[in-house]
Amino acid sequence: MQSCEISSDSTDDPLSSGLRRHQQPRIVVIGAGLAGLAATKSLLENGFTNVTVLEASDHIGGRVLSVQFGKATLELGATWIHGANGNPVYHLAEDNGLLEHTTEEECSVGRISLYAKNGVAHYQTNSGKRIPKDLVEEFSDLYNEVYDLTQEFFKNGKPVGAESKNSVGIFTRDLVRKRIMLDPEDSESTKKLKLSMLQQYLKVESCESSSPNMDEVSLSEFGEWTEIPGAHHVIPAGFIKVVELLAQDIPARVLRLGKPVHRIHWNYSCPEAEDNADGADHNQDQRPGPAPVCVECEDGEWLPADHVIVTASLGVLKKAHETLFSPGLPQDKALAVQKLGISTTDKIFLEFAEPFWSPECNSIQFVWEDEAQLESLAYPVELWYRKICSFDVLYPPERYGHMLSGWICGDEALRMERCDDETVAEICTELLRKFTGNQNIPKPRRILRSAWGSNPYIRGSYSFTRVGSSGGDVERLAEPLPYTKSTKAPPLQVLFAGEATHRKYYSTTHGALLSGQREANRLIELYHDLFNADTTKPNM
Ligand SMILES: Cc1cc2nc3c(=O)[nH]c(=O)nc-3n(C[C@H](O)[C@H](O)[C@H](O)COP(=O)(O)OP(=O)(O)OC[C@H]3O[C@@H](n4cnc5c(N)ncnc54)[C@H](O)[C@@H]3O)c2cc1C
Ligand SMILES: *[C@@H]1O[C@H](CO)[C@@H](O)[C@H](O)[C@H]1NC(C)=O
Ligand SMILES: *[C@@H]1O[C@H](CO)[C@@H](O)[C@H](O)[C@H]1NC(C)=O
């Protein structure tokens, strides 16, 4: 642990006078996920000492959650570092020896990480047949061509046609269907198979973007999400190692787990502070003056603060912003919270004693032939399992054993979360038997699932730009409070970080990390003149 002592008395700068009373600005960070930890690390390294992290759960990492499952380390949350050079998470992992650079097989190479790792994806129909590889490739090429077109609307400012309703799902389905139907070489049955595959691809795409379905994803904004070039790396020892690296220099007294925040009183609205302010002379005694912000914890503890960095997910903000902030959020920020999208993507891990799949098989994709003509993919409650799009084979078996990792998203994922392990294991086994045509598949030895949607402090997996929202809403979400720099209101009382506040890299670990650093930098700049008087920089 390092000490970053800075004495604010070492300067005569008038900026410091307002801080004399409590020496150092009091900063509270809400959430110990990647955003909160990255912000805290930056603040400590830049000389701030009065920093407190309040984390609702009993562990750090938030949506990074590596779980020991027998000899395997499984990721219930983030799995891949998307892209290499220029990705701060990649550099952190690489510089600390967390990555394995053995063969290309370690990394998935496709655009959609669910598609391509080592080996071949087996596209299976509900009548238990494998779709021939050349047909899969033909369809995949067609789908990817149309996917590239979806990127152009944002990148080239291409106008969105009225018929697409500004929706990635509607645009993609219409265009891919049109091309399938116009192909003179395909038989009716081939056309039908391709139409069914389209639905399956859209389910996968929707799990990738953590949207209820692709119809809700904005076409005009879809291309703003930016890919960092390079492979998708996994961290064999667990993604949590990256979290631990960020947290390793944060002193234990700073980090308070099991401390859910109930309400953030800002703009000097803290009830206790108001009492103190009644005719009190602020410079008179040791009594802490009225704080610009007061953080009220669920257990009744109050923390006065000059600045609060909120990193709670968009899902938490959607559900709770009306009670979480007092006074309430400005209207345009509340509207941004409402307009932007977040839904649930969950994983289902199944461990088998023996593999029932062939060695070259890297995944089993479920293609329902009776869904070829469906419009929007929403199912009656009892058919939730139709949203499970695929099971990946985790590789290599020496590391994971014989493990499948299934994907489900949207409301159907929430329904899965409400079922018990036994039920889900049974349903998944039935699906695997049906689609592989192998009735002898035994029930899995063990099952492990994520439950991001029903976690009250997460409420969804990651954000997306919903139809009707835009990158501008992301900016509004990220803008600190109060908005206007009046001479009276202290600046930067409430700051916002977290994956959903990053315009280009939302939904990712690097987006979360960068957003935390961004908000820390606002404070570092605000106090720049004050801390500049002290030339000692802490060592890393
Ligand atoms: C299933 C899944 C797969 C993913 N796959 C990838 C991937 O492969 N690659 C990738 O880059 N990203 C992936 N992500 C996204 C990535 O995990 C997130 O973008 C990132 O971890 C979010 O970090 P954060 O700090 O913004 O939020 P969080 O991790 O959610 O941190 C916020 C913290 O705030 C706490 N909190 C909330 N409310 C309160 C409160 N009232 N009081 C106190 N504390 C509170 C929460 O408990 C949480 O710990 C995946 C996510 C999921 C769920
Ligand atoms: C932060 O400042 C407050 C008020 O001056 C003080 O009571 C508290 O002990 C300080 N905390 C730390 C961690 O320095
Ligand atoms: C903040 O407080 C000032 C002074 O009491 C008040 O005029 C202003 O409207 C408040 N701002 C908000 C957003 O409540």
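Predicted, not measured: the structure shown is a model, and the values here were computed from it.

Trainee: Before we move on, can you summarise the site of ligand 1 with the specific residues and values?
Mentor: Taken together, the neighbourhood of ligand 1 is formed by 35 residues, with Glu55, Arg63, Trp80, Val261 and Thr509 sitting nearest. One of the backbone nitrogen or oxygen atoms of Leu34 is found 3.2 Å away from an oxygen atom of ligand 1. Contacts to ligand 1 include Thr509, whose side-chain N or O atom sits 2.8 Å from an oxygen atom. Burial of ligand 1 by the protein chains amounts to 98% of its free accessible area of 1,000 Å². When contributions to the shell around ligand 1 are tallied by element, the ones reaching two or more residues are α1 (34-45), β5 (80-82) and α14 (509-526). The class makeup of the residues in the shell around ligand 1 is 17 nonpolar, 14 polar and four charged.

Trainee: An account of the state of the cysteines is needed here, citing residue identities and associated values.
Mentor: Counting across every chain of the model gives one disulfide. Paired by a disulfide, Cys270 and Cys294 hold their sulfur atoms 2.3 Å apart. Because the torsion about its S-S bond is -60°, the bridge between Cys270 and Cys294 counts as left-handed. A residue pair is termed long-range when its members are at least 10 positions apart, and Cys270 in the loop between β9 (261-265) and α7 (271-277) and Cys294 in strand β10 (residues 293-297) qualify at 24 residues. Each member of the pair Cys270 and Cys294 is classed as buried. For Cys207, which is in no disulfide, the shortest distance to another cysteine sulfur is to Cys409 and amounts to 3.2 Å. Classification of Cys207 by relative accessible area gives buried; the value is 1%. Here Cys428 stays free of any disulfide, with the sulfur of Cys419 as its closest cysteine sulfur at 9.8 Å. Assessed through its relative accessible area of 0%, Cys428 is described here as buried.

Trainee: So what's going on with the side chain of Thr311? Residues and values would help.
Mentor: Mapped onto the secondary structure, Thr311 falls in the loop between β12 (307-310) and α8 (314-324). Judged by its relative accessible area of 11%, Thr311 is buried. At 2.6 Å, the side chain of Thr311 and the backbone oxygen of Ile30 are in polar contact. Aside from chain neighbours lying at most four places away, what touches Thr311 is Ile30, Gly31, Ala35, Gly36, Ala497 and Gly498.

Trainee: Now, about the packing of α8 against helix α9 (residues 331-339): what can you tell me, with residues and values included?
Mentor: Axis separation between α8 and α9 bottoms out at 9 Å; the angle between their running directions is 120°. On the basis of the axis angle, α8 is oblique to α9. Handedness of the crossing formed by α8 with α9: left-handed. For the pair formed by α8 and α9, the contact residues are Leu314, Leu317, Lys318 and His321 on the first element and Ala334, Val337, Gln338 and Lys339 on the second. Class assignment of the residues belonging to the contact of α8 with α9 gives a composition of four nonpolar, two polar and two charged.

Here is what the cut-offs are and how they apply
Numbers given for residues are sequential positions, taken from 1 along each chain in its written order. To read the labels, note that chains go from A and ligands from 1, taken in the order they are written. The model is predicted, so local features are restricted to residues of pLDDT at least 70 and side-chain atom pairs to those at 80 or more, both for listing and for counting; the totals for chains, interfaces and linings are taken over all residues. Here the side-chain values reflect all heavy atoms present in the structure, with hydrogen atoms and water set aside. Nearness is judged by heavy atoms alone; a residue qualifies as near a molecule or strand once a single heavy atom is within 4 Å of it. Two N or O atoms form a polar contact when they lie within 3.5 Å of each other; inside protein one atom must be a possible hydrogen donor and the other a possible acceptor, and for residues adjacent in sequence the pair counts only when both atoms belong to side chains. To measure how exposed things are, a 1.4 Å probe is used in the Shrake-Rupley method; for residues, cover is taken only from the protein chains shown. Helix numbers and strand numbers start at the N terminus; a helix is a DSSP run of H or I with at least 4 residues, a strand a run of E with at least 2. Throughout, the ten residues Ala, Val, Leu, Ile, Met, Phe, Trp, Tyr, Cys and Pro are labelled nonpolar, Asp, Glu, Lys and Arg are labelled charged, and all others, Gly among them, are labelled polar. The definition used for a disulfide is geometric: two cysteine sulfur atoms within 2.5 Å. Exposure categories follow from relative accessible area, calculated using a 1.4 Å probe and restricted to protein chains: below 20% of the type maximum is buried, above 50% is exposed, and the middle band is partly exposed. Throughout, a residue-residue contact means that at least one pair of heavy atoms, one from each residue, lies within 4.5 Å. All axes are obtained by fitting lines to C-alpha atoms, using only the stretch in contact for helices, and the reported angles, taken between N-to-C directions, cover 0 to 180 degrees. Working definition: roughly parallel below 35 degrees, roughly antiparallel above 145 degrees, roughly perpendicular at 65 to 115 degrees, and oblique for all remaining angles. The hand of a helix crossing depends on one turn: near helix anticlockwise from the far one by less than a right angle means left-handed, and clockwise means right-handed.

Function-wise, these values are silent; they only describe arrangement.
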